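Examination of the molecular architecture
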Amino acid sequence: MRSYAPAELTQLQARDGLRPRLLVWIIARNRTTGAPEPAGFWNGADDQVINVGGADRTYHGAGGLLGMDDLVIESGLNVRRISVWLATAAPEVVEAAMAYDLRLAPVEIHRLLTDPISHLPVAAPHRIWKGWVDGAPRTVPAKGLSAGRITLTVASAAMALTRGLTAKYSDAAMRQRGSDDRLFRYADVSGKVPVYWGEKRYDPATPAGGSGSGLGGWKPGGHA
C-alpha cells in the first residue's frame with residue numbers, strides 16, 4: 001500500500017483535484033569515454049529542475065515524453081517490462097537516444113502530484129519504477145514528416161536476479177558445477193606450451209621477431 005505525504009492527503013481530502021506528472025530519468029553511457037550521461041524527461045510544459053531524493057535533476061518538457069504503459073501492481077520476482085515513448089522531435093531525446101549508448105541504461109520513473117491551478121508540486125515525487133533499458137527501437141516518420149518516436153522497453157529491477165554468477169574460467173570453477181566437467185582442464189597452460197604446425201614449432205617463450213627470421217616465435221624444423 002502506497003503511503004502519501006500529509007500535503008497530498010490534505011489535497012485529496014479537499015477534493016480540489018490533483019494533476020499527476022511523470023518523470024523519466026535515464027543514465028546513458030558516453031560511447032567514447034564511458035562516462036554516465038544522465039537525461040530527464042517529463043510531461044510538463046517546460047524544462048524544470050525537480051528535487052528527487054535530495055538531488056536536483058533537470059527534466060526536459062515540451063513534448064519530449066509522450067507517455068508510457070499503465071502500471072499493474074503485482075507481487076513476485078517476475079521480470080516485468082513496460083514501454084516508454086519519447087518524441088524524436090525533441091533535440092534532447094535525439095541526443096540521449098542516439099548520441100549515447102542506451103544499452104542496459106538505468107532508468108527511474110517517478111510520479112509527481114501537482115496542484116491543477118498553480119501547477120506547483122504538492123509533495124516530493126514518488127518512485128513508481130526502477131530498472132534498465134532492454135531495447136530502444138526507433139519509429140521512422142513517413143516521408144515529408146519530421147516527427148518520429150523512440151520506444152524504450154524498460155525491464156524491472158528484478159532483471160538483476162537473472163544475471164549469472166561471475167566465476168573464474170578455470171578447471172576448479174567448472175568442476176564445482178559438475179565433477180565431470182573438464183572443459184577447462186588445460187586453461188592454466190593454454191598459450192604456454194610449444195606446439196607444432198606442420199614442420200614449424202611455435203614457442204610462446206620466444207619474443208616475436210627474436211629469431212630474426214620474421215616468423216616471431218615460429219622455428220623451422222621439427223625440433224626445438
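Our subject is the structure that appears above.
The following refers to the structure shown. By convention here, each chain's residues receive numbers from 1 onward along its written sequence. Local features in a predicted model are, by the rule used here, given only for residues with pLDDT of at least 70; side-chain atom pairs are given and counted only at 80 or more, and totals for whole chains, interfaces and linings are based on all residues. The basis for every side-chain value is the complete set of heavy atoms in the structure, and neither hydrogens nor water enter the calculation.

1. A look at unusual backbone geometry
- Although it is not a glycine, A62 adopts a positive phi angle of roughly 60°.
- Put simply, DSSP H or I for four residues or longer makes a helix, DSSP E for two residues or longer makes a strand, and each gets a number counted from the N terminus. Note that A62 resides in the loop between β4 (55-60) and β5 (65-68).

2. A closer look at the pattern of salt bridges
- The term salt bridge refers to a pairing of a side-chain nitrogen on Lys or Arg with a carboxyl oxygen on Asp or Glu at a separation within 4 Å. Within the structure shown, the criterion is met by 3 salt bridges.
- The salt bridge partner of E108 is R57, with a shortest N-O separation of 3.2 Å. Of this pair, E108 sits in strand β8 (residues 106-114) while R57 sits in strand β4, placing them 51 residues apart in sequence.
- With a 1.4 Å probe rolled over the protein chains alone, any residue whose accessible area is under 20% of its type maximum counts as buried; one over 50% counts as exposed, and the rest are partly exposed. In this structure R57 comes out as buried when scored by relative accessible area, which is 13%.
- Of the charged contacts, one joins R81 and D134 as a salt bridge, the two residues approaching to 2.8 Å between their closest N and O atoms. One end of the pair, R81, is in strand β6 (residues 81-87); the other, D134, is in the loop between β9 (126-133) and β10 (138-139), and 53 residues separate them in sequence.

3. Details of the layout of surface pockets
- Cavities and pockets were defined on a 1 Å grid built over protein atoms only: a cavity is a set of grid points that admits a 1.4 Å probe from which the probe cannot escape, a pocket is an open set flanked by protein on both sides within 12 Å along at least five of seven lines, and lining residues are those with an atom within 4 Å of any such point. Grid points are joined across faces, edges and corners, and a volume is the space filled by probe spheres set on the points. If you add up the space inside the second largest pocket, you get close to 220 Å³.
- If you trace the second largest pocket, you find 14 residues lining it, with W42, Q48, T114, H119 and L120 closest to the centre.
- Those elements that place two or more of their residues in the lining of the second largest pocket are β1 (19-30), β3 (48-52) and β8.
- No other element matches β3, which puts 3 residues into the lining of the second largest pocket.
- Following the grouping adopted for this structure description, the nonpolar residues are Ala, Val, Leu, Ile, Met, Phe, Trp, Tyr, Cys and Pro, the charged ones are Asp, Glu, Lys and Arg, and the polar ones are all others, Gly among them. Tallied by class, residues from the lining of the second largest pocket come to 7 nonpolar, 4 polar and 3 charged.

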